Amino acid sequence: MAEDCCSLQLISGDGVLNREGLENFSRTTNLSQRGVSYAVVAIMGPQSGGKSTLLNKLFQTDFRMMDADDGRTQTTQGIWMAKAIGIEPFTIAIDVEGSDSRERGQGGATFEKQSALFALAIADIVIINMWCHDIGREHAASRPLLKTVFEAMTRSFRSSKTSLLFVLRDQTMTPLELLQRLLRQDIEKIWAAIAHADAHKRTPLDEFFNVEITALPSYELEEMKFTEQVARLRQRFFLSTSPGGLAGDRKDGQPASGLPFRAQQIWKTVKKNKDLDLPPPQVLVATFRCEQIAKEKLSRLKLDETWLAMGEALKSGPVSEFGEKLSSILENYLCQYDKEAINHEESIRNENRRKLEAKALKVRP
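Owing to the predicted nature of the structure, the values given are computational and were not obtained by experimental measurement.

### Some thoughts on the nonpolar core
Here is step 1 of the chain: In this structure, Met44, Phe150, Phe166 and Phe209 are the most contacted members of the largest nonpolar core, which totals 57 residues.
Here is step 2 of the chain: A per-element tally of this core places helix α3 (residues 109-122) first, with eight residues.
Here is step 3 of the chain: Residue contacts for phenylalanine 150: discarding those within four places in its chain leaves Leu164, Ile187, Ile190, Trp191, Ile194, Leu205 and Phe209.

Structure below.
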């Protein structure tokens, strides 16, 4: 039986985050067991540009694709996510609603900016899907999107670079090297025109992004060639977080167990139309997860059969080697805490361990 990619709508077209679905995705995919060995890949681009098709070919997901017979209408609404099939490390694919849609009209700019900001804050790799013929055009459909992406990045709290993979669709006879040079010129021009915050004035683009550019032939006109080249591109996502990978210089990789909480906090902040002035992700997630792990260990200690049996024995008189037995049980739960919290910020991890130990010593067997 084929492996399930567990796709779900993460954020509705009305901007409501599917908390229950996200928690179910986490359980179904054993997300909490992944440690820091995982990657998040998001895709953005103009509507009807074949984003969902590209993700499905790259990651064997089942995002809904446009039916050409229905015309170029909006297919993806809101933000969707799924598990990539057959990719190591564990990879999550995020399909973002297309920009510049007729359905949203002028009122869609707000959601476009919110979704771009969310994708950049949560993803290690962002695919920018754009038409090859847009390169060098002053009023191309992708230019507002790039401006939105760059503005969003200057507001993001990420402490490491985001990898931008530009995928140029429907490549013409123009050599890829020339397309890459022209696109980089476009990118630098848009970046220079953005009114950066004081902290980022005159900051080179390379300090925010790692940029790669590739091109694909037309899916409709050259499907076989398209499929072959996408299969080669798929290989770039294997070992993506290892040195030399697409996200190889990721410095703030957080345990996967904290991803659902982080996604909720990011979207909550984005919806309030604030800058992402949350604590750094490693602090935000570590605080939540270490408190959660400590609480769970304390609850289990209170129900521990050996612990409770010692309490019953004490009612009849002194218990032989009581101190050593008590210390052994407590040390077991502290070791469990250490094992589950190992990937989180050391200072926060240690502080919560001290609190757990202090509370445990007050628990009477």
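That was the structure; now back to the text.
### A look at the pattern of salt bridges
Here is step 1 of the chain: Evaluation of the coordinates by the stated rule reveals eight salt bridges.
Here is step 2 of the chain: Where glutamate 296 meets arginine 300, a salt bridge forms, and the shortest distance between an N and an O atom there is 3.2 Å. With glutamate 296 and arginine 300 both in helix α8 (residues 281-302) and four residues apart, the pair spans about one turn of that helix.
Here is step 3 of the chain: The exposure class assigned to glutamate 296 is partly exposed, which follows from its relative accessible area of 29%.
Here is step 4 of the chain: Judged by relative accessible area, which is 46%, arginine 300 ranks as partly exposed.
Here is step 5 of the chain: A salt bridge links glutamate 351 to arginine 354; the nearest nitrogen and oxygen atoms lie 2.8 Å apart. In this pair, glutamate 351 and arginine 354 are both assigned in helix α11 (residues 346-361), three residues apart and thus about one turn of the helix distant.
Here is step 6 of the chain: Residue classification places arginine 354 among the partly exposed residues on the basis of a relative accessible area of 48%.
Here is step 7 of the chain: Bridged by salt links that share partners, the residues Glu296, Lys297, Arg300 and Glu340 form one connected network.

### Looking at unusual backbone geometry
Here is step 1 of the chain: For the bond from glutamate 88 to proline 89, the omega torsion is 5°, close enough to zero to count as cis.
Here is step 2 of the chain: Structurally, the position occupied by proline 89 is in the loop between β3 (79-83) and β4 (90-96).
Here is step 3 of the chain: Phi at asparagine 30 is positive, roughly 55°, even though this residue is not glycine.
Here is step 4 of the chain: Along the polypeptide, asparagine 30 turns up in the loop between α1 (19-28) and β2 (38-44).
Here is step 5 of the chain: Positive phi is not limited to glycine here, since leucine 239 has a value of about 55°.
Here is step 6 of the chain: As for its position among the elements, leucine 239 is in the loop between α6 (223-234) and α7 (259-271).

### Observations regarding the packing of aromatic side chains
Here is step 1 of the chain: Evaluated as defined, the whole model comprises five aromatic pairs.
Here is step 2 of the chain: With centroids separated by 6.2 Å and ring planes inclined at 70°, the aromatic side chains of phenylalanine 111 and tryptophan 267 adopt a geometry described as edge-to-face. Taken together, the positions of phenylalanine 111 in helix α3 and tryptophan 267 in helix α7 put the pair 156 residues apart, joining distant regions of the chain.
Here is step 3 of the chain: Judged by relative accessible area, tryptophan 267 falls into the buried class, the value being 3%.
Here is step 4 of the chain: With a centroid separation of 5.7 Å and 90° between ring planes, the pair formed by phenylalanine 118 and tryptophan 267 is classed as edge-to-face. With phenylalanine 118 in helix α3 and tryptophan 267 in helix α7, this residue pair connects regions lying 149 residues apart in the sequence.

### Some remarks on the side chain of serine 12
Here is step 1 of the chain: Tracing the backbone shows serine 12 in the loop between β1 (8-11) and α1.
Here is step 2 of the chain: Residues contacting serine 12, with those up to four places away along its chain left out, are Gly78 and Phe111.

### A look at the packing of helix α9 (residues 305-314) against helix α10 (residues 322-341)
Here is step 1 of the chain: It is the contact of α9 with α10, at a shortest axis distance of 10 Å, that shows an interaxial angle of 155°. Overall, the two elements α9 and α10 adopt an arrangement that is roughly antiparallel. As α9 runs across α10, the sense of the crossing is left-handed. Of the residues in α10, those in contact with Thr306, Trp307, Met310 and Leu314 of α9 are Phe322, Lys325, Leu326 and Ile329.
Here is step 2 of the chain: Residues of the contact of α9 with α10, tallied by class, amount to six nonpolar, one polar and one charged.

Cut-offs used in this document
- Residues take numbers from 1 onward in each chain, read along the sequence in its written order.
- Since the coordinates come from a predicted model, pLDDT governs what is reported: local features require at least 70, and pairs of side-chain atoms require 80 or more to be given and counted, while whole-chain, interface and lining totals use all residues.
- In computing side-chain properties, one takes all heavy atoms of the structure into account and sets aside hydrogens as well as water.
- By convention a nonpolar core is built from buried Ala, Val, Leu, Ile, Met, Phe, Trp, Tyr and Cys residues, the set being connected through side-chain atoms within 4.5 Å.
- The rule is simple: take the accessible area with a 1.4 Å probe, protein chains only, and divide by the maximum for that residue type; under 20% is buried, over 50% is exposed, in between is partly exposed.
- Strands here are runs of E lasting at least two residues and helices are runs of H or I lasting at least four, both read from the DSSP assignment and numbered beginning at the N terminus.
- A contact between two residues is defined here by any heavy atoms of the two lying within 4.5 Å.
- Here a salt bridge means any side-chain nitrogen of Lys or Arg lying within 4 Å of a carboxyl oxygen belonging to Asp or Glu.
- Note on aromatic pairs: the rings of Phe, Tyr and Trp (six-membered ring only in Trp) are paired at centre separations within 6.5 Å, and the planes decide the class, stacked below 30 degrees, edge-to-face beyond 60, tilted for the rest.
- For helices, the fitted axis covers only the stretch in contact; all axes are lines through C-alpha atoms, and the angles between them, taken along N-to-C directions, range from 0 to 180 degrees.
- Comment on the angle field: the value is read as roughly parallel under 35 degrees, roughly antiparallel over 145, roughly perpendicular from 65 to 115, and oblique elsewhere.
- Here a crossing is taken to be left-handed if its near helix is turned anticlockwise relative to the far helix by less than a right angle, and right-handed if that turn runs clockwise.
- The classification used treats Ala, Val, Leu, Ile, Met, Phe, Trp, Tyr, Cys and Pro as nonpolar, Asp, Glu, Lys and Arg as charged, and all other residues, Gly among them, as polar.

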